[in-house]
Amino acid sequence: MHIMSGNSEKFVAGKKYCLVKPVIPNPIEESKSGIVIGLSKTMMDSRPVTGTIISIGENSEYNKGDTVVFQSTDGLDFKFDDGQFLILKIESLIGKMQK
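From a predicted model like this one, the values you see are computed outputs, not experimental measurements. (Residues numbered from 1 in each chain as written. Predicted model: local features only at pLDDT ≥ 70, side-chain atom pairs only at ≥ 80, totals over all residues. Heavy atoms only, no water.)

Ordered by their spatial adjacency, 7 strands build an open sheet running E1-E7-E8-E2-E5-E6-E9, and the pairing between neighbours is mixed. What marks the edges here is a single partner per strand, and that holds for strand E1 (2-3) and strand E9 (93-96). Where strand E6 (residues 67-70) lies against E9, 3 bridges are found, and the strand directions are antiparallel. Among the inter-strand pairings, valine 69 is bridged to a residue of E9, identified as glycine 95. (Pairing = 2+ DSSP bridges. Helix = DSSP H or I, 4+ residues; strand = E, 2+ residues; numbered from the N terminus.)

Next comes the structure, spelled out in structure tokens:
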């Protein structure tokens, strides 16, 4: 993981890239009654595949704030002062949720 000082909102993505705040599922698995069973096997075995665009280069299909789906194998992990993010190539984005 790469560490950047400063806030992610100050990051300006290059022409073909975007900065995405990944949606990280809850790693704790609980029973219906709230008893903690342990760490979710799905969470331990996979990277996030959805997230929200924080910054994006020149592109007309995607915009800042869009919730997007991307390939779990793509992207660079970055940690800013305000959390963990991924820098992805725009071509790695599979699609977005309609508003």
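With respect to burial, strand E8 (residues 83-89) is a largely interior element, 5 of its 7 residues being buried. For strand E7 (residues 76-80) and E8, the ladder comprises 5 bridges, and the chain directions are antiparallel. Residue pairing across strands places leucine 76 opposite isoleucine 87, the latter belonging to E8. Where E7 folds back on E8, the antiparallel hairpin that results is connected by 2 residues. (Buried < 20%, exposed > 50% of the residue type's maximum accessible area, 1.4 Å probe, protein only.)

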